[in-house]
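Listed here are the chains, written in short residue letters.
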Amino acid sequence: MTDKTLRQLSRQVGEALGHLGATVTTAESCTGGWIAKVITDLSGSSAWFERGFVTYSNEAKHQMIGVDSATLETHGAVSEAVVREMAQGALYAAVADYAVAVSGIAGPNGGSEEKPVGTVWFGFSSKSEGTIARQQLFSGDRDAIRRQATEYALQTLWEEFLKNKLDTV
């Protein structure tokens, strides 16, 4: 996967959002703002992307986008429950139409038997279509895992939310 692939996905997502008159926000942990960076690499992206949240720590997840402390304590930051709350919280905080959330273990440290390095949870939320969560296990070094997570987030936003909406407009 290359920077060219990320640019193409971002352009596809941006064109769809523009056509729909919709906006997207991000809540990122292990990707450290990479999804927002790829989105804002496009000229004109301010029409459909106003803000993103880099919520690397549990405290940031709680303070910035309202993830419940009890959820973090019970499930851990890398979990379905947390990315669901991240996506919903970002959607609300940014007053956006769509939100993408990501939390994972990019390594090389931090993995466990239950959650090995490369484990990444994604949350996607839409005002009209609710919230979904997905887990992926990526391989490679820290950079490769973060890059794969960025690609997966954009690809899933396109396939699960935007592509079908365009067909009905």
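Residues numbered from 1 in each chain as written. Predicted model: local features only at pLDDT ≥ 70, side-chain atom pairs only at ≥ 80, totals over all residues. Heavy atoms only, no water.

Student: Explain the pattern of salt bridges to me, please; I cannot follow it from the model alone.
Tutor: Oppositely charged side chains can pair when the atoms bearing their charge come close. One pass over the structure, following the stated rule, counts seven salt bridges. One salt bridge connects D41 with K37, and the closest N-O pair in it is separated by 2.7 Å. Measuring nitrogen to oxygen at the nearest pair gives 4.0 Å for the salt bridge that ties R147 to D143. Residue R147 and its partner D143 are located together in helix α6 (residues 142–168), separated by four residues, close to a single helical turn. Owing to a relative accessible area of 17%, R147 belongs among the buried residues under this scheme. Its relative accessible area of 41% is what places D143 among the partly exposed residues. Connected via shared salt-bridge partners are D3, D143 and R147. (Salt bridge = Lys/Arg side-chain N within 4 Å of Asp/Glu carboxyl O. Helix = DSSP H or I, 4+ residues; strand = E, 2+ residues; numbered from the N terminus. Buried < 20%, exposed > 50% of the residue type's maximum accessible area, 1.4 Å probe, protein only.)

Student: Looking at this model, I keep getting lost on the pairing of strand β1 (residues 24–28). Mind explaining?
Tutor: Regular strands have side chains that alternate between both faces of the sheet. In terms of residue burial, β1 counts as a mostly covered element, since five of its five residues are buried. Relative to strand β2 (residues 49–54), β1 is paired through four bridges, and the arrangement is parallel. Counterpart to V24 in the pairing with β2 is F49. One crossover worth recording links β1 to the parallel β2 by way of helix α2 (residues 34–40), and it is right-handed. Here β1 pairs with strand β3 (residues 98–104) via five bridges, running parallel. (Pairing = 2+ DSSP bridges. Right-handed = clockwise from strand over helix to strand, strands pointing away.)

Student: Looking at this model, I keep getting lost on the packing of aromatic side chains. Mind explaining?
Tutor: For any pair of aromatic rings, the description rests on two quantities: the centre-to-centre distance and the angle between the ring planes. The full count for this structure, using the stated rule, is six aromatic pairs. Where F122 meets Y152, the ring centres are 4.6 Å apart and the plane angle is 45 degrees; that geometry is what we call tilted. Of this pair, F122 sits in strand β4 (residues 119–126) while Y152 sits in helix α6, and the two are 30 residues apart along the sequence. Comparing F122 with Y152 shows no difference in burial state: the two are buried. Ring geometry for F124 and F161: centres 6.3 Å apart, planes at 35 degrees, overall tilted. Placement of the pair is F124 in strand β4 and F161 in helix α6, with a sequence separation of 37 residues. Comparing F124 with F161, the two get one shared label, buried. (Phe/Tyr/Trp six-rings, centres within 6.5 Å; stacked < 30°, edge-to-face > 60°.)

Student: Is there a simple way to explain the UniProt feature "domain: CinA C-terminal" (unreviewed entry) in the protein in this structure?
Tutor: Mapped onto the present numbering, the UniProt feature "domain: CinA C-terminal" (unreviewed entry) falls on residues 8–159. When the span residues 8–159 is considered, its composition is 45% helix and 22% strand, and the gap between its end C-alpha atoms is 14 Å. (UniProt positions renumbered as here; feature names shortened; annotations may be inferred.)

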